[in-house]
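Working through the structure, step by step
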Amino acid sequence: MKNVPFFNYPHLFKSHEEDFIRIFKDVGYRGAYILQKDLQDFEENLAKFAGTKYAVGLANGTDAIWIALMAAGIGKGDEVIFASHTYIATAASIHFVGAIPVPADCKEDHMIDPDSVRKLITSKTKAILPTQVNGRCCDMDELMKIAREYNLIVLEDAAQGLGAKFKGNGVGTFDKGGTISFYPAKNLGSFGDAGGFVTNDKDMYEKVMLYRDHGRNDDGVFVMWGFNSRLDNLQAAILDFKLTFYSKEIERRREIAQMYQDRLGHLPQLQLPPAPNSSSDYYDVYQNYEIEALKRDELKQHLKDNGIGTLIQWSGQPVHSITSLGFTGVGLPYTEEMFTKCLMIPMNTALTNDDIEYVCEQIVKFYN
C-alpha cells in the first residue's frame, strides 16, 4: 500500500535544502532580520509577478485582510459581502474592523455567486470581499459590474490565488487590491506565518505600509496609529527564492489537475473542478483540488484505509452555519449542499505521477 499524504510538509525543506541553508546563513551572518533589503526585493518581485504596481509584505494573511479593509475605509456599521465558502479569517477580519460580515452563496465552480451578492446589497453595503478560493479567480466582470452599479469597494481575499487570472488579469488587480497568504501549505509557502498585499492603488499601498509598522513613515515619524505586522526578513528571503520557480510549480499543479480530469472525469458520482484550459477566461493555479463526491464520507474513509490523505475544507463548516458567531437564519442552498459532498484530494508538487495514478485508481475502485 502506498502512502500519499494530503500535504508533505517535510518536502518543503528537503526539496531545496542546500539553497535554504545558504539563505539561512546569509541572512544570519548579515544580522538582517527586520525590514531589510530581502523584504524590499521580495516586494518588488512579488509586484512584478502579480502584475501590480505595489506589494507589501505582512505578518500573515489574516492581518493582510483586516489591514487592507481599514486602509479602504471600511469600519463600524458597514456591511461587507463575502463568500461563505471561505476560511473564518475572512469574516473575522470584517468583524474586527467594526463592520458586519454578510455571507453569500457560491456556485458550481465553488466561487462566490454574483447573483447571490446582488440580492444581499442594502443601503449599508460598503464592499464586496470575494475569496479567490482553491487557486481560481472569481467572475470579476460581474462583481465589478455590481460594484460600479452600487458604488461599492471590491477587495480580494486572494490567500489561495496568487498567479490565478481572469481574462488575463491577475488577482489583486481589479479594484482596491488583493491579500495573500504565504502559509506553508500555500502554493507559495514560507516556513511559518507570512502574508502580503498587492495593489495598483497608491493610496491603499501607502496606508497599508504605515499600518504594518506602527504608523511610522520612511522618515521614522509616527503619523498615524498602526500595528506590528511586518513580514519577517528571513521569510521574505525564502519566498523571494521560491518565487523564481513559482511559475514552474503552477504548471506542475495544472498538469496534476489535468491528470485527475483525464482519469476521473468519466465518473458520474464526482463533480471535478474546471479543467485547465476548459475556458479561455480562467487561468487556475490549483491551490487545492476540491471535488464534490457522492458518498463523500465513505470515500474519505476508503482513501484513508489505503494510505491517502484527504481534507474537508474549513472543517466541513461554511461560515454562515457558525451560530456561535451570530450567524442565524441565513440560507445559502448551493453552499449547504456542496458542503455535504466537498472533499479535497492531494494536490501539491511533492506528488509523483505514480502517486496521482494510485489516488485515481483507489477512487475508481471505490465507485466500481
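Preceding block: the structure.
Residues numbered from 1 in each chain as written. Predicted model: local features only at pLDDT ≥ 70, side-chain atom pairs only at ≥ 80, totals over all residues. Heavy atoms only, no water.

Next up on the list: helix α2 (residues 17-30). Over its 14 residues, α2 extends 20 Å from the first C-alpha to the last, a length consistent with the 20 Å expected when each residue adds 1.5 Å. Those residues of α2 that sit buried are Phe20, Ile23 and Val27. Looking straight down α2, one finds that the buried residues subtend no more than 60° of arc, so they occupy a single side. Residues Glu18 and Tyr29 are exposed on α2 and point more than 90 degrees away from its buried face. Where the residues of α2 are buried, they touch α1 (9-14), α3 (37-50) and α9 (233-243). Downstream of α2 by a residue or two, Gly31 has a phi angle that is positive, lying close to 60°. (Helix = DSSP H or I, 4+ residues; strand = E, 2+ residues; numbered from the N terminus. Expected span 1.5 Å × (residues − 1). Buried < 20%, exposed > 50% of the residue type's maximum accessible area, 1.4 Å probe, protein only. Arc of directions from axis to C-beta. Contact = heavy atoms within 4.5 Å.)

Put simply, side chains in a regular strand alternate between the two faces of the sheet. Of all five residues in strand β1 (residues 54-58), four are buried; the element is thus mostly enclosed. In the sheet, β1 pairs with strand β10 (residues 195-199) via five bridges, with the strands oriented antiparallel. In the sheet register, Ala55 faces β10, and the bridge partner there is Val198. (Pairing = 2+ DSSP bridges.)

Here the phi dihedral of Lys167 falls at roughly 55°; this positive angle occurs in a residue that is not glycine. When you line up the elements, Lys167 lands in the loop between β7 (165-166) and β8 (169-170). Residue classification places Lys167 among the partly exposed positions, given a relative accessible area of 45%. A positive phi angle, near 65°, is found at Asn277, a position not held by glycine. Under the relative-accessibility criterion, Asn277 is labelled exposed at 67%.

Attention shifts here to the sheet that holds strand β9 (residues 178-181). The four strands lie next to each other as β1-β10-β9-β6, forming an open sheet whose pairing is mixed. Only two strands of the sheet have a single partner each, and these edge strands are β1 and β6 (156-157). Here β6 runs beside β9; their pairing, made up of two bridges, is parallel. Considered in β9, the bridge of Asp157 is made with Thr179. The sheet strands contacting helix α4 (residues 61-71) are β1, β6, β9 and β10, and the helix crosses β9 at an angle near 165°. (Axes fitted to C-alpha atoms, helices over the stretch in contact; angles between N-to-C directions.)

Summed over all chains, the structure comprises 21 salt bridges. The closest approach of N and O atoms between Lys126 and Asp78, which form a salt bridge, is 3.9 Å. Residue Lys126 is located in strand β4 (residues 125-129), and its partner Asp78 is located in the loop between α4 and β2 (79-83); the two are separated by 48 residues in the primary sequence. Residue Lys126 is classed as partly exposed on the basis of its relative accessible area, which comes to 29%. The class for Asp78 is buried, based on a relative accessible area of 16%. Ionic pairing is found between Asp297 and Arg296, a salt bridge with its closest N-O pair at 2.6 Å. Under the relative-accessibility criterion, Arg296 is labelled buried at 9%. If you follow the salt bridges from partner to partner, you end up with Lys107, Asp109, Arg136 and Asp284 in one network. (Salt bridge = Lys/Arg side-chain N within 4 Å of Asp/Glu carboxyl O.)

We now examine helix α13 (residues 353-367). In a regular helix each residue adds 1.5 Å, so 15 residues correspond to 21 Å; α13 covers 22 Å between its end C-alpha atoms and thus fits that length. Taken residue by residue, α13 has Asp355, Ile356, Tyr358, Val359, Cys360, Gln362, Ile363 and Tyr367 as its buried positions.

Along the chain, the position of Pro114 falls in helix α6 (residues 114-120). Assessed through its relative accessible area of 8%, Pro114 is described here as buried. Leaving out residues up to four positions away in the same chain, Pro114 has contacts with Lys107, Glu142, Leu143 and Ile146.

Turning next to the packing of aromatic side chains. Counted under the stated rule, the structure contains 18 aromatic pairs. Among the aromatic residues, ring-to-ring pairing joins Phe13, Phe20, Phe24, Phe191, Phe241 and Phe245 into one connected group. Sitting over the face of the ring of Tyr282, Arg136 holds its NZ or CZ atom 3.7 Å from the ring centroid. (Phe/Tyr/Trp six-rings, centres within 6.5 Å; stacked < 30°, edge-to-face > 60°. Lys NZ or Arg CZ within 6 Å of the ring centre and 35° of its normal.)

Running from N to C, helix α10 (residues 246-264) and α13 point in directions that differ by 30°, and their axes come no closer than 10 Å. It follows that α10 is roughly parallel to α13 by the angle criterion. Pair α10 / α13 crosses with right-handed handedness. The segment α10 lies against α13, with Arg252, Ile256, Met259, Tyr260, Arg263 and Leu264 engaging Asn353, Ile356, Glu357, Val359, Cys360, Ile363 and Val364. (Parallel < 35°, antiparallel > 145°, perpendicular 65-115°, else oblique. Left-handed = near helix turned anticlockwise from the far one by under 90°.)

Note that all results are geometric; they support no functional claim without further evidence.
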